[in-house]
Amino acid sequence: MTVTKALFVLCLTVVVCGLAYFTALGLTHR
Amino acid sequence: MRRCLRDNSLTLTFATAFLLTLAGQALVGHAEFNNGLLVDSLAPVSLTAYLMSSDFAVDVTENWQSEYLQFFLYIFGTVWLLQRGSPESKEMDRAGPEDDETQRVGAHARDDSPRWAAAEGIRQKLFSRSLGLVMAALFLLSWLAQSVAGTAAYNELRLRNLQPPVDWSGYILSADFWSRTLQNWQSELIAVASMAILSVYLRQRGSPESKPVGAPHHATGVEG
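Residues numbered from 1 in each chain as written. Chains lettered and ligands numbered in written order. Predicted model: local features only at pLDDT ≥ 70, side-chain atom pairs only at ≥ 80, totals over all residues. Heavy atoms only, no water.

J.: Outline the confidence of the model for chain B, listing residues and values.
T.: Per-residue pLDDT for chain B averages 96, and the proportion of residues at 70 or more is 100%. We note a pTM of 0.94 for the whole complex and an ipTM of 0.93 for its interfaces. (pLDDT = per-residue confidence, 0-100.)

J.: Can you lay out the pattern of salt bridges for me, pointing to particular residues and giving the numbers?
T.: Note that side chains of opposite charge can pair when their charged atoms are close. Residues and elements named next belong to chain B. Tallied over the full model, the rule gives nine salt bridges over all chains. Across the pair Arg180 and Asp59 runs a salt bridge, and its minimum N-O distance is 3.1 Å. Residue Arg180 is located in helix H10 (residues 175-201), and its partner Asp59 is located in helix H4 (residues 54-80); the two are separated by 121 residues in the primary sequence. Measuring nitrogen to oxygen at the nearest pair gives 2.8 Å for the salt bridge that ties Glu91 to Arg94. Given the relative accessible area of 30%, Glu91 is considered partly exposed. A single salt-bridge network, built from bridges that share partners, covers Asp59, Glu62, Asp176 and Arg180. (Salt bridge = Lys/Arg side-chain N within 4 Å of Asp/Glu carboxyl O. Helix = DSSP H or I, 4+ residues; strand = E, 2+ residues; numbered from the N terminus. Buried < 20%, exposed > 50% of the residue type's maximum accessible area, 1.4 Å probe, protein only.)

J.: Go over the packing of aromatic side chains, please, and point to the residues and values.
T.: Evaluation of the coordinates by the stated rule reveals 16 aromatic pairs over all chains. Between B:Phe139 and B:Trp185, the aromatic rings sit 6.4 Å apart at their centres with planes inclined by 55°, giving tilted as the arrangement. Here the residue B:Phe139 occupies a position in helix H8 (residues 130-160), and B:Trp185 occupies one in helix H10, the gap between them amounting to 46 residues. Taken as a pair, B:Phe139 and B:Trp185 share a single burial class, namely buried. Relative to B:Trp178, the ring of B:Trp143 lies with its centre 5.8 Å away and its plane at 85°, an arrangement referred to as edge-to-face. Pair noted here: B:Trp143 is in helix H8 and B:Trp178 is in helix H10, with a separation of 35 residues, a long-range link. Put simply, the rings of A:Tyr21, A:Phe22, B:Phe18, B:Phe33, B:Tyr50, B:Phe56 and B:Trp64 pair up and form one aromatic cluster. (Phe/Tyr/Trp six-rings, centres within 6.5 Å; stacked < 30°, edge-to-face > 60°.)

J.: An account of unusual backbone geometry is needed here, citing residue identities and associated values.
T.: Residue and element names in this part refer to chain B. Even without a glycine there, the phi angle at Glu98 is positive, about 70°. Looking at where Glu98 falls in the secondary structure, it is placed in the loop between H4 and helix H5 (100-103). Overall, the relative accessible area of 21% leaves Glu98 in the partly exposed class. You will see that Arg104, though not glycine, has its phi angle at about 55°, which is positive. Along the polypeptide, Arg104 turns up in the loop between H5 and helix H6 (115-118). Look at Arg104 and you get partly exposed, because its relative accessible area is 41%.

Structure (structure tokens):
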């Protein structure tokens, strides 16, 4: 279950960081 | 190691496929973006510059938001909405959030239940809806990212055509924003409706998304 928990955290982290990155791209290209 | 890979093969396979298709999208998106620049007699940009552009950002996030919306609607909708004969639906008499005993919460939690299922009050309420709430939050964040990146991408095109830029509030009322949004929503919704009704009469042997092959067409809420 340790690997499963790590995948859970990794998935949420990648998605949230991805969204932050894409939002930042939009904000810096205004 | 092999057991670890097998135990997580569903997530690992789809995550790997996601990264490969995102890389593919970046490459062909870059080529397409440069085609547009050439048409307007502008200099092409590098792949790195494209990956840091609002065009790439809006193309990715407009699809993300619709996928998270699809799962959010499906998770919340299937609490109340039913489809007789579908493995995606609960039985006809189980519509709604169900009682505490069925859901194993509060005093009905078992030794191996998650701690927040056994808790009372806000923690139990939150945990009881955490899957739908996280999907809803990711949908809203993706849609916000799409709108912010879309504003910048839209304004780049407008400036190229010597038109005045619009601000965020102007962009979210624009045809471009709603065209990108609705073309993704309609595809998700027809896929969900198709899944709900096709799974009544069709089967996929071994899949938990299907009823067992020999299950009758009227059997509802039975997963293979």
